[in-house]
Each structure stands twice: as C-alpha cells, then as structure tokens.
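# Survey of secondary and tertiary structure
Chain residues, written in single-letter form:
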Amino acid sequence: MEIEEVAAAEQVVTPWEVSAPDGVIDYDKLVDRFGCQLIDAAIVDRIAHLTLCPPHRFLRRGIFFAHRDLNRILDLYEAGEKFYLYTGRGPSSESLHLGHLIPFMFTKYLQDAFKVPLVIQLTDDEKFLWKNLTIAECKRLARENAKDIIACGFDVERTFIFTDLNYVGGAFYENMLEVAKRVTYNNLRGILGITPEDHIGKVSFPPVQAAPSFPSSFPHLFPGNDQLRCLIPCAIDQDPYFRMTRDVAPKIGFQKPSLIESRFFPALQGESTKMSASDPNSAIYVTDSSKQIKAKVNKYAFSGGQASVELHRKLGANLDVDVPIKYLNFFLEDDDELDHIKKEYKEGRMLTGEVKQRLIAVLSELVARHQRARAQVTEEMVDAFMAVRPLPNMFG
Ligand code: TRP
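In what follows, the accompanying structure is described. Bear in mind the structure is a predicted one, so any value in this text is a computation, not a measurement.

On to the side chain of Asp 124. Position of Asp 124 among the secondary structure elements: in helix H6 (residues 124–130). The side chain of Asp 124 is buried and forms no salt bridge, while Lys 139, the nearest opposite charge, is found at 6.7 Å. Polar contacts involving the side chain of Asp 124 include one to the main-chain amide nitrogen of Leu 165, which spans 3.1 Å. In this structure Asp 124 touches Pro 91, Cys 138, Lys 139, Ala 142, Thr 163, Asp 164 and Leu 165, once residues within four positions along its chain are discounted.

So this is what it looks like as structure tokens:
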C-alpha cells in the first residue's frame, strides 16, 4: 500500500494504488463509495463483551474502523457458532516496516480473543506478477516474511500459513475456477481498475486472493464444513478483492466473508507522503536498531509543533498533522498517558522533542521485542506452520 501525491481530482484506492488529491485520504468518503460500514462504539463493546477480553487499542482508537457483515459473525458467535480468520501478505520486500505489522498484530489479538483458526496467505505469485522480481526471489521473500509473521506470536495449533506457489492446487484451485467463471473482465475493470493494457496475470490473480475466503479451499482444516464463516482483517485497500469475492459467494453456494478493515499507517514525513520501500527514511523497519529509530524519528517525523519555543508555548501543536502523535496513537498502549501527552502538547506545555523522545522509547521497545521473537523462529517452525495438516484443537 502506497500513498502517492498526485494532482488528481478523485481519490483512488485499489490494492495497488492509493492516492488522494491533497494526499490525505477521506475515509468517510471511501466507506461511502465502497459501501462498507463504520465500526462504532457499540460494536467495540460487543466484541469486548463476547470475548471477555479488553478491546485492542486498534479497535478502541478507530484504527480498524470499517467492516462488512461483522455483526453477522458476532450474532452467530454469540449463538455458539465459530468462524475462521483469513489474512495475508504480498511478500515484496525483505524486511517489514511497522505498517506491515499492523494487520498481523490485530489478527493475533482476534485469534486469542475469539479462539479460532487462522489461515495466512502469502501471495508470492501476486508479487511476481506486479513487481520486477523472479519467482525464486518471491519464494525466498515469502519464507523470510513468514518468520516475521510467526514472530507476532501466532499459535501453531490454530494457524496455517501457506504460499500460493506451493499450496494452490486441488480444492483451492477448484474454488478459483468457480470464482473465475463468474467474474467478467468488465466487473474487474470496475472493481479493481484493471485496464486493457495490463498483462493478463493481473486478470487471473484475483480468484487466488478470493479462494481462501471459502472453507472448502482447505480440506485438511474444514472437511464437511463448507458453510463455516470467514472473517478477514485487512487494510481497506484490499476491499476491492473482497467486494468481488462477496459478489460471487452466493452464486457458488458459499457464505460471503465478513471484513474488518484498517486505515493506512502514515509515512514518517506525514500523511500526504509515500511510505516507500526505496526510501528507508520514510518508515521504521522491524530490522532497525534503536539508534536508527532515534535518528529517523528525530530527523524525519513530521512535527505539528511551532517554529520556535515561544510560539509553541503560545499556540501549541497541531495534532492533526503531527506524526509522532499519530504513531503514538498506533503503538502507545496506555490510553491515559496518550490523552495526557495530547493535551500537554496541544496546549504548548510539551515540546515536539519530548513527544519524540517518548515515541522513540515506545518504538525501540516494540522493535527490540519483535527482533528477539524473530531470532527464535527456526526453519523447522516455518515448516510446522506451513505443513498441510489438520488442526485438531483449533477452536479450543
Ligand atoms: N494482496 C495482499 C498484499 O499485497 C496480500 C493478501 C492476500 C491479503 N490475501 C489477503 C491481505 C487477505 C489481507 C487479507 O499485501
């Protein structure tokens, strides 16, 4: 997902292009145009009540902010019916940045709270088609990325990770065909913005991302349970794939997957700039040292503070554009401390340097913890998560 600064009059959000006229995504407009629903306080309370777990900060703070048919999943869960989770990643780079971790951190919380199985799709095929990478390189990146994903703490008893290049075939391929037969080129053009000049790999791929939404794609996990519901946590740029999937589902006798969708994670330089793999200074990577984190935050994190201390004491910070505050909103767990910092900073009593110092501590801790966890992930563990096997205790 990339945010591009363009002069276009319309914002564009597809799985491979995110851009807005002034660089700032209008999420209300997006939800309206896509036809999904906003997550309100009642849903957050309901999730807390059903799971007996405190809601994740990404829910409390509106970071996962939109959904499709989430209430249906919750109704059925309340009535004792389980579901499974499905998420994924396109392995296009060696090391992940913080934005990449967000859906996985949230999915880990959902898995623990609801005690349900999870399938994770690594779309090495998608990245081969969209990026200038060899198949061998895509496969290698998928395996490397799997280690970072495992380091997020997933339970091997309830989690199946697969790469498309290894797993696609059999029942999964049958479902791809069922989908492909019911989507026209014009449907795809409307939903995904594919043009006649695009190569046909881009036309053939969407059924691959659709298929994991259907339990029969995993006969080793859900045999005879074709109506099991699926909940997909993802960033909202993936919504078009699943709009297509939901259109097709009833036509082939399956349930429509439900979705829970997040906002985008901003680049260090601000919401209206691009977090790009080619500019290491635009993001914090999970491989960064605490020294690098400190240097990047101090040098590049866009500040909403005033130009001089006197002015700042008088006017206070503009929190709407301040990147340290946005990052703390994602990663500082303590609500009271966050509120306190926001208030003090906004009213000029706290300076940008002090807010950045707190952010550096929070990110260094998070990244160090991730690095420790990742160092523990062995090749054998990757094989264990990827083994095509039943998960006998997956609802336990
Ligand atoms: N297309 C996604 C990407 O490029 C990867 C993906 C596959 C995914 N299936 C998914 C993401 C399901 C979220 C949910 O990163």
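Now that the structure has been shown, the text picks up again.
Moving on, we get to the site of the ligand. Taken together, 14 residues sit near the ligand, with Tyr 86, Gly 90, Glu 126, Gln 209 and Gln 238 positioned nearest. A distance of 2.9 Å is found between a nitrogen atom of the ligand and a side-chain nitrogen or oxygen belonging to Tyr 86. The separation between an oxygen atom of the ligand and a polar side-chain atom of Lys 127 is 3.3 Å. Elements that contribute at least two residues to the shell around the ligand include exactly strand E6 (83–89), H6 and strand E9 (229–235). A total of four residues in the shell around the ligand trace back to one element, the largest contributor, which is E6. Counted by class, the shell around the ligand contains four nonpolar, seven polar and three charged residues.

Glancing now at helix H19 (residues 379–386). Every buried residue of H19 is listed here: Val 382, Phe 385 and Met 386. One side of H19 holds all its buried residues, which, seen down the axis, span an arc of 95 degrees. Structurally, H19 contributes buried residues whose contacts are with strand E7 (118–122), helix H7 (135–150) and strand E8 (159–163).

Before going further, it helps to spend a moment on the sheet that holds E9. The seven strands are arranged E4-E5-E10-E9-E6-E7-E8 in an open sheet whose pairing can be described as mixed. Every interior strand has two partners, whereas the edge strands, strand E4 (37–38) and E8, have only one. Pairing of E9 with strand E10 (residues 258–262), which is carried by five bridges, proceeds in the parallel orientation. Paired with Cys 234 across the strands is Glu 261, a residue of E10. Each of strand E5 (64–68), E6, E7, E8, E9 and E10 is contacted by helix H5 (residues 98–114), which is oriented at about 165 degrees to E6, the strand it contacts most. Sheet strands in contact with H19 are E7 and E8, and its direction is about 95 degrees off that of E8.

Moving on to the state of the cysteines. Counted according to the given criterion, the structure contains zero disulfides. The thiol sulfur of Cys 36 is not disulfide-bonded, and the nearest other cysteine sulfur, from Cys 234, lies at 9.4 Å.

Thresholds, definitions, all that
Residues numbered from 1 in each chain as written. Predicted model: local features only at pLDDT ≥ 70, side-chain atom pairs only at ≥ 80, totals over all residues. Heavy atoms only, no water. Helix = DSSP H or I, 4+ residues; strand = E, 2+ residues; numbered from the N terminus. Buried < 20%, exposed > 50% of the residue type's maximum accessible area, 1.4 Å probe, protein only. Lys, Arg positive; Asp, Glu negative; His and termini not counted. Salt bridge = Lys/Arg side-chain N within 4 Å of Asp/Glu carboxyl O. Polar contact = N/O pair within 3.5 Å; in protein donor to acceptor, adjacent residues only side chain to side chain. Contact = heavy atoms within 4.5 Å. Near = heavy atom within 4 Å. Nonpolar A, V, L, I, M, F, W, Y, C, P; charged D, E, K, R; others polar. Arc of directions from axis to C-beta. Pairing = 2+ DSSP bridges. Axes fitted to C-alpha atoms, helices over the stretch in contact; angles between N-to-C directions. Disulfide = S-S within 2.5 Å.

Honestly, that's just the spatial picture; any functional story needs more than this.
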